[in-house]
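Listed here are the chains, written in short residue letters.
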Amino acid sequence: MKYLFLVLIASITFLSCNSDIDLTAPYEDITIVYGLLDQTEDIQYIRINKSFLGDAPLADMASVRDSVEYDDSDFISKRVEKWQGNVKLDEWELKDTLVEAINESIFYISGITDPLRKVYYLDEAIEEGDNIEYKVVVEIQNKESVFATTSLIKNTSGSISNPRSNTVGNSSQRIKFSDASSTINGIYPNYKFKWRSEIGASLYELFLEMDYVEKVWESPAHEAEISSEVKTLKWFLGSTETNQIAQTTSQREDLEKSINGELFFQQVSSSLESNPNITREIGILNNDIVDNHYSTFRFNLVIADEDFGSFIEFSEPSTSLAQERPQWTNVTNGQGLFSSRLKQQSLDVRMDNNTMIELCIGQFTNGLNFCSRGASTDPGDLDECSCDYLVD
């Protein structure tokens, strides 16, 4: 692990006969590697690019693929190796493909207008284990070997305790964001998301996803349906750091994040369009768990190991007045990040009755026409929350 300070030094000499200033330093080919290994994924993607320098505008240079991508003939090898201690257990040459790059992904490069990027991938299964590490090695003609090493975060079943996944025989898990009187008194309960830290984890990002069926009708009478589409509302709940990075089972710790219910309804209200010709059915029917079970929520944990956590920290906007800031890398003879992350989920979680009623007719969301197909069979639910009420 090392911190690289990129400092621009401009020497300006004032001469009476020449006022031109050249701020372009000699070109240096720097290999940039980004990869996050996750044993819950079938394919591991790795980005391999190079730095570029020139006098043209940044966007113009970045739009030229040769400026940021190596040609296939430049590579001697690009591979991932599996090690246990000093013993190499296996190695795989990386394959290449084109992927669509969005701004939020590690495959996005500012300035390139072509939506497709060449990336490299490994489609072999990877596994955690005692003293097992994975090493990416990039060998390029006439350059030092570029490499980085990471281990995997341990993935323990049942780490999320609240909410747990609903399953056959255990379908009682519900999220409560509202009391019966929340709209009247303006007081909403806190819901605590709870989990246990994993070995090797340093940072957790929390996401809640809500599934619903959006139907578009010809008129507010909701008599003639035009379209029906399953949609998902995604909500970032924030992040939580571990107090220590557990190295053994005994060092794992209980973590939690409390979210006030009012924030949920405000998030839904600000994310969706109020339109009398649109109705939204809460959840997706899943009779495999239990009859009339409408799966509504997915709770997702995205877990970063120590290196990935440090990279996120150093990538955040600086609050300092100083213009120089450190650039973090764990890649030897190059720059970037080769690390691990892990995704854990609680699936098929329902919302409780009061939350459903508040979503249907509450102060923040009453104009969004939410309804429930299961409302008539849930004791205590109001008729106004039934989808039959909205259609009739």
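Keep in mind that what you see is a predicted model, and the values were worked out from it rather than measured. (Residues numbered from 1 in each chain as written. Predicted model: local features only at pLDDT ≥ 70, side-chain atom pairs only at ≥ 80, totals over all residues. Heavy atoms only, no water.)

Undergrad: Run through the overall build of the protein chain, naming residues and quoting values.
TA: Helix and strand counts for the protein chain come out as 7 helices and 22 strands. In the protein chain, the proportion of contacts linking residues at least 24 apart, taken out of those at least 6 apart, comes to 70%. (Helix = DSSP H or I, 4+ residues; strand = E, 2+ residues; numbered from the N terminus. Contact = heavy atoms within 4.5 Å.)

Undergrad: Give a detailed account of the sheet that holds strand β4 (residues 75–84), specifying residues and quantitative values.
TA: Read from one edge of the open sheet, 4 strands run β5-β4-β8-β9, paired in antiparallel fashion. Lying at the two open borders of the sheet, with one neighbouring strand each, are β5 (87–93) and β9 (146–150). With strand direction ignored, the average angle separating the axes of adjacent strands in the sheet is 20°. Across 5 bridges, the pairing between strand β8 (residues 132–140) and β9 is antiparallel. Residue pairing for β9: V136 is matched across the bridge by A148. (Pairing = 2+ DSSP bridges. Axes fitted to C-alpha atoms, helices over the stretch in contact; angles between N-to-C directions.)

Undergrad: Go over the pattern of salt bridges with me, naming the residues and quoting the values.
TA: Considering all chains together, one arrives at 20 salt bridges under this definition. With a closest N to O distance of 2.9 Å, D254 and R196 form a salt bridge. Residue D254 is located in strand β15 (residues 254–260), and its partner R196 is located in strand β12 (residues 190–196); the two are separated by 58 residues in the primary sequence. On the basis of relative accessibility, which here comes to 61%, the residue D254 falls in the exposed class. Ionic contacts of the salt-bridge type, sharing partners, join the residues R79, E81, K88, E91 and E139 into one network. (Salt bridge = Lys/Arg side-chain N within 4 Å of Asp/Glu carboxyl O. Buried < 20%, exposed > 50% of the residue type's maximum accessible area, 1.4 Å probe, protein only.)

Undergrad: I'd like to hear about the packing of aromatic side chains, residue by residue, with values.
TA: According to the stated counting rule, one finds 18 aromatic pairs in the structure shown. Measuring from ring centre to ring centre gives 6.1 Å for W235 and F264, while their planes differ by 45°; the resulting arrangement is tilted. Remark: F264 occurs in helix α4 (residues 261–271) and W235 occurs in strand β14 (residues 225–241); sequence separation between them is 29 residues. According to the relative accessible area criterion, W235 is buried, its value standing at 10%. (Phe/Tyr/Trp six-rings, centres within 6.5 Å; stacked < 30°, edge-to-face > 60°.)

Undergrad: Kindly report on α4, identifying the contributing residues and their values.
TA: Inspection of α4 places G261, F264, F265 and V268 among the buried residues, and these make up the whole buried set. With its buried residues spanning 90° around the axis, α4 presents them on a single face. Those residues of α4 that are buried lie in contact with β13 (201–217), β14, β15, β19 (297–305), α6 (353–361) and β22 (370–371). Measuring from the backbone nitrogen of E262 back to the side-chain oxygen at the start of α4 gives 3.1 Å, which picks out N260 as the cap. (Arc of directions from axis to C-beta. Polar contact = N/O pair within 3.5 Å; in protein donor to acceptor, adjacent residues only side chain to side chain.)

Undergrad: Give a detailed account of the state of the cysteines, specifying residues and quantitative values.
TA: Taken as a whole, this structure holds 2 disulfides when the rule is applied. The disulfide partner of C360 is C385, and the gap between their sulfur atoms is 2.0 Å. Around the S-S axis, the bridge from C360 to C385 shows a dihedral of about 55° and counts as right-handed. With C360 in helix α6 and C385 in the loop between β22 and α7 (387–391), the pair connects residues that are 25 residues apart, well separated along the chain. (Disulfide = S-S within 2.5 Å.)

Undergrad: Help me get a handle on the packing of α4 against α6, residues and values and all.
TA: Interaxial distance between α4 and α6 falls to 11 Å at its minimum, and their mutual angle equals 35°. Seen from above, α4 lies across α6 with right-handed handedness. Residues F264, F265 and V268 of α4 lie in contact with α6, whose contacting residues are T355, E358 and L359. The residue makeup of the contact of α4 with α6, split by class, is 4 nonpolar, 1 polar and 1 charged. (Left-handed = near helix turned anticlockwise from the far one by under 90°. Nonpolar A, V, L, I, M, F, W, Y, C, P; charged D, E, K, R; others polar.)

Undergrad: Can you tell me about the nonpolar core, naming the residues and giving the values?
TA: Counting residues in hydrophobic clusters, the biggest one holds 37 residues, and the most contacted among them are F177, F193 and F370. When contributions to this core are tallied by element, the ones reaching two or more residues are β12, β13, β14, β15, α4, β19, β21 (335–351) and α6. Sorting elements by how many residues they give to this core places β13 first, with 6 residues. In terms of nonpolar packing, the next biggest core, distinct from the first, is built from 22 residues, I48, I126, V136 and I140 among them. (Core = buried A, V, L, I, M, F, W, Y, C linked by side-chain atoms within 4.5 Å.)

Undergrad: Lay out the side chain of Q173 in plain terms, naming residues and giving numbers.
TA: With respect to the helices and strands, Q173 occurs in the loop between β10 (160–162) and β11 (174–175). Among the residues examined, Q173 registers a relative accessible area of 9% and is labelled buried. Excluding its chain neighbours within four sequence positions, the residues that come into contact with Q173 are N162, P163, R164, S165, N166, V349 and R350.

Undergrad: Residue-level account of the confidence of the model for the protein chain, with values.
TA: Confidence in the prediction for the protein chain averages 84 pLDDT; 79% of positions are at 70 or higher. In this model, residues 1–23 is a region of pLDDT below 50 whose contacts with residues beyond four sequence positions or in other chains number 20 contacts. Scored below 50 in pLDDT, residues 376–381 makes 12 contacts in the model with residues more than four places away or belonging to other chains. (pLDDT = per-residue confidence, 0-100.)

Undergrad: How would you summarise the pairing of β19 if you had to cite specific residues and measurements?
TA: For β19, a buried count of 9 out of 9 residues is recorded, marking the element as mostly surrounded by other parts of the structure. One ladder, built from 9 bridges, connects β13 with β19; its direction is antiparallel. Bridge pairing links L203 to A304 in β19. The sheet contact formed by β19 and β21 spans 7 bridges and is antiparallel. For F297, the partnering residue across the bridge sits in β21 and is V349.

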